[in-house]
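Descriptive analysis of the structure
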Amino acid sequence: MTGKVFLIGAGPGDPELMTLRAVRLLQEADVVVYDRLVSDEIIAMAPKEAKMIFVGKSAHNHPVPQDEINAILVREAKAGHNVARIKGGDPLIFGRGSEEAADLHDAGVATEYVPGITAAQGSAAISGIPLTHRDLATGVQYVTGHRARDETLDLDWKRLADPMTTLVVYMGVANIGQIAVGLMTEGLDPATPVFAISRATTEHERRMVSTLDHIAKDARDAGLKPPTLFIIGKVVSLYGADAQTTNQVKAHG
């Protein structure tokens, strides 16, 4: 009998931010396939007898290509196992969950999505920054700051440079300078505040507040590394010095 694959969002890092359903399915899994951004505390919830398969990626380092990950999921399910495919954040927000689901569907394997708190939601909430605010931001946009195979970052800068929209940039450490220039070229105020947070909701969390015209230098000087999320917009002005934090980086702003 073919097993089932659960595409599970583990949230931004803190185990307490996982849903009850995500925890239960992880604890019931025969096989756990997990990414680099899933914390050790979450992995420790898996059954001791479960088969653990690490398929994590980092910039310029993909030891297990996506096609091979898809093949692993199909193979383990076809062997009759229930598979917990654990991803940081939510599997449908820059998580390739839909790509894996499509391959599983083609192979005749049942799949189910288990939503998770996104990196954007977790980072904003723990920092006290609202992603929307009736006086400061009437909408929010999520974008990736990185293209597959290092292709050109050809974002719609004009659409993104909306002063009444909060812009959240995933995977943008390497290209934050280009992103800032693109936004300023389309008219976004250079003094627009920018909030950067790495490894949000974990004990290794770091935060920094800057401005659009200084963020590239400040992020570089601070040595921020992936995974780092950037929140750009007026709502960052509501970030307070008394917000809960583990490692505050002083910069412009």
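Here, the structure is the one placed above.
Residues numbered from 1 in each chain as written. Predicted model: local features only at pLDDT ≥ 70, side-chain atom pairs only at ≥ 80, totals over all residues. Heavy atoms only, no water.

1. Some words on helix α4 (residues 97–106)
Along α4, the residues that are buried comprise Gly97, Glu100, Ala101 and Leu104. All buried residues of α4 fall inside an arc of 100 degrees around its axis, so they share one side. At the exit of α4 stands Gly108, carrying a positive phi of roughly 80 degrees. (Buried < 20%, exposed > 50% of the residue type's maximum accessible area, 1.4 Å probe, protein only. Helix = DSSP H or I, 4+ residues; strand = E, 2+ residues; numbered from the N terminus. Arc of directions from axis to C-beta.)

2. Looking at the packing of helix α3 (residues 66–78) against α4
One way to put it is that α3 packs onto α4 with a least axis distance of 10 Å and a crossing angle of 50 degrees. Classed by the angle they form, the pair α3 and α4 counts as oblique. Crossing hand, α3 versus α4: right-handed. Contacts between α3 and α4 involve Gln66, Ile69, Asn70, Leu73 and Val74 on the former and, on the latter, Glu99, Glu100, Asp103 and Leu104. Of the residues assigned to the contact of α3 with α4, the class counts are 4 nonpolar, 2 polar and 3 charged. (Axes fitted to C-alpha atoms, helices over the stretch in contact; angles between N-to-C directions. Parallel < 35°, antiparallel > 145°, perpendicular 65-115°, else oblique. Left-handed = near helix turned anticlockwise from the far one by under 90°. Contact = heavy atoms within 4.5 Å. Nonpolar A, V, L, I, M, F, W, Y, C, P; charged D, E, K, R; others polar.)

3. Section: the packing of aromatic side chains
Applying the stated criterion to the full structure yields 4 aromatic pairs. By the ring-pair criterion, three or more aromatic residues cluster together here, those being Phe94, Tyr142 and Tyr170. (Phe/Tyr/Trp six-rings, centres within 6.5 Å; stacked < 30°, edge-to-face > 60°.)

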